Amino acid sequence: MSRQNDIRDFDGLVAIVTGGASGIGAAIADELRARGAKVAALDLDPSSVPADEQTLAVRCDVGDDASVRAAISEVVATWGGLDVVVNNAGIGAQGTVADNPDDEWARVLDANVVGMARVARAALPHLRRSEHAAIVNTGSIAATAGLPDRVLYSASKGAVHAMTRAMAADHIREGIRVNAVSPGTADTPWIGRLLDRADDPAAERAALNARQPHGRLVSADEVAGAVAYLASPLSGSTTGVALAVDGGMQNLRLRPL
Ligand code: NAD
């Protein structure tokens, strides 16, 4: 909230950020606010969202269509329109195909994929009236790398990347751009919770840092910067991409093959 920014490319624009109360979503909300946007954080638990005239905290479950439609109606009723949708809420899932029954597939795909479609569907009538309409979906390195023990999460994020490209094609003629960010392992409460399960969380964190090409985790602020670029009028000719924010993990080979 205290952040100052010389780039005011979101002055006069209204944004929603799902999962905007924690981690990457909270950093995105901060970044868009610093650039001048009015930001609504839609979250299952919005109690940590700051209260000020540039911010709206909305309790919302992206898994529930009525909840999503009510949240977007509240944002539009409050600020008169909607320009930017950041579909960031998502949940993790572990295991192989052998471990996950049908209802677990349904639960995770609903939260991570259908949730983004639900939010976009409710937002589209408002985005069509915006001069600077943009949707940014939070994908993942799990969409592009074959990660062990993450089959369900990987499938859900692969769907997010594919959905991003298809939506970009569907809506470019309406002036609505659709892009994704594809973070590597980012330092958020989510990763903190995973590390806390290790016998030695500090050693586990050091090992995780060492596995990254740039020797450290991605920061939530770095993901937020990429989202801001993709949502900004400054990227007006960019649509259908998944921008990797991962220290090079998805695109570099540090040793010869
Ligand atoms: P986080 O757990 O810190 O924050 C997630 C937020 O989403 C929480 O505030 C939670 O309440 C909210 N949320 C969860 N389900 C919701 C629902 N059904 N409706 C509304 N809100 C809901 O997690 P994070 O690490 O900041 O992850 C955010 C996004 O980034 C997720 O889509 C995740 O898949 C993606 N991602 C994270 C990493 C990483 O390493 N942290 C890497 C790649 C992608």
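Conventions and cut-offs
- Residues numbered from 1 in each chain as written.
- Predicted model: local features only at pLDDT ≥ 70, side-chain atom pairs only at ≥ 80, totals over all residues.
- Helix = DSSP H or I, 4+ residues; strand = E, 2+ residues; numbered from the N terminus.
- Rg over C-alpha atoms; globule rule 2.2 N^0.38 Å.
- Buried ≥ 20, exposed ≤ 12 C-beta atoms within 10 Å, placed from the backbone.
- Contact = placed C-beta atoms within 7 Å.
- Right-handed = clockwise from strand over helix to strand, strands pointing away.
- Pairing = 2+ DSSP bridges.
- UniProt positions renumbered as here; feature names shortened; annotations may be inferred.
- Axes fitted to C-alpha atoms, helices over the stretch in contact; angles between N-to-C directions.
- Near = placed C-beta within 6 Å.
- Nonpolar A, V, L, I, M, F, W, Y, C, P; charged D, E, K, R; others polar.
- Parallel < 35°, antiparallel > 145°, perpendicular 65-115°, else oblique.
- Left-handed = near helix turned anticlockwise from the far one by under 90°.

### Some points on the overall build of the protein
Thought 1: From N to C terminus, the protein includes seven helices and nine strands.
Thought 2: A compact globule built from 257 residues would reach a C-alpha radius of gyration of about 18 Å, and the protein, at 18 Å, matches this within 12%.
Thought 3: With respect to the three principal axes, the spread of C-alpha positions in the protein is 50 × 45 × 35 Å.
Thought 4: Evaluated residue by residue, the protein yields a buried proportion of 44% over its 257 residues.
Thought 5: Partitioning the contacts of the protein with sequence separation of at least 6, the portion at a separation of at least 24 is 72%.

### Here's the deal with the pairing of strand S6 (residues 177–183)
Thought 1: Burial runs high along S6: seven of the seven residues are buried.
Thought 2: The alternating pattern of S6 places Arg177, Asn179, Val181 and Pro183 and Val178, Ala180 and Ser182 on opposite faces, both of which are buried.
Thought 3: A crossover links strand S5 (residues 134–138) with its parallel partner S6, the connecting element being helix H4 (residues 151–171), and its sense is right-handed.
Thought 4: By the bridge criterion, four bridges tie S6 to strand S9 (residues 242–245) in an arrangement that is parallel. The partner of Ser182 across the bridge, within S9, is Ala244.

### Concerning the environment of Ala122
Thought 1: Its place among the elements puts Ala122 in helix H3 (residues 102–127).
Thought 2: Considered as a pair, Ala122 and Gly247 are 125 residues apart in the sequence and their alpha carbons are 34 Å apart.
Thought 3: Residues in contact with Ala122, not counting those within four places in the same chain, are Val68, Arg69 and Ile72.

### Examining the UniProt feature "domain: Ketoreductase" (unreviewed entry) in the protein
Thought 1: UniProt marks residues 13–184 with the feature "domain: Ketoreductase" (unreviewed entry), using the numbering shown here.
Thought 2: For residues 13–184, the helix share is 43%, the strand share is 19%, and the end-to-end C-alpha distance is 29 Å.

### Some details on the sheet that holds strand S3 (residues 55–59)
Thought 1: Across the sheet, which stays open at both edges, the seven strands sit in the order S3-S2-S1-S4-S5-S6-S9 with parallel pairing between neighbours. Of all strands in the sheet, those bounded by a partner on one side alone are S3 and S9. Mean inter-strand twist for the sheet, computed between neighbouring axes without regard to direction, equals 20 degrees.
Thought 2: Pairing analysis gives five bridges linking S5 to S6, with the strands arranged parallel. Opposite Val136, over in S6, you have Asn179 as the bridge partner.
Thought 3: Set on the sheet, H3 makes contact with strand S1 (14–18), strand S4 (84–87) and S5; between it and S4 the angle comes to about 180 degrees.
Thought 4: Where helix H7 (residues 220–231) meets the sheet, it contacts S1, S4, S5, S6 and S9, and its direction lies at approximately 165 degrees from that of S6.

### A few points about the site of the ligand
Thought 1: For the ligand, the set of nearby residues contains 29 residues, the closest of which are Gly19, Ser22, Gly23, Gly90 and Thr188.
Thought 2: When contributions to the shell around the ligand are tallied by element, the ones reaching two or more residues are helix H1 (23–34), H3 and helix H5 (189–196).
Thought 3: Residues belonging to the shell around the ligand are distributed by class as follows: 13 nonpolar, 13 polar and three charged.

### Notes on the environment of Asn251
Thought 1: Its location among the elements puts Asn251 in the segment after S9.
Thought 2: Distance from Asn251 to Asp52, taken between C-alpha atoms, is 40 Å for residues 199 residues apart in sequence.

### Regarding the packing of H1 against H7
Thought 1: At a minimum axis distance of 8 Å, the contact between H1 and H7 shows a crossing angle of 55 degrees. Here H1 is positioned oblique relative to H7, judged by the angle of their axes. Remark: the crossing between H1 and H7 carries right-handed chirality. Along the contact surface, H1 presents Gly23, Ile24, Ala27, Ile28, Asp30, Glu31 and Leu32, while H7 presents Ala220, Asp221, Val223, Ala224, Gly225, Val227 and Ala228.

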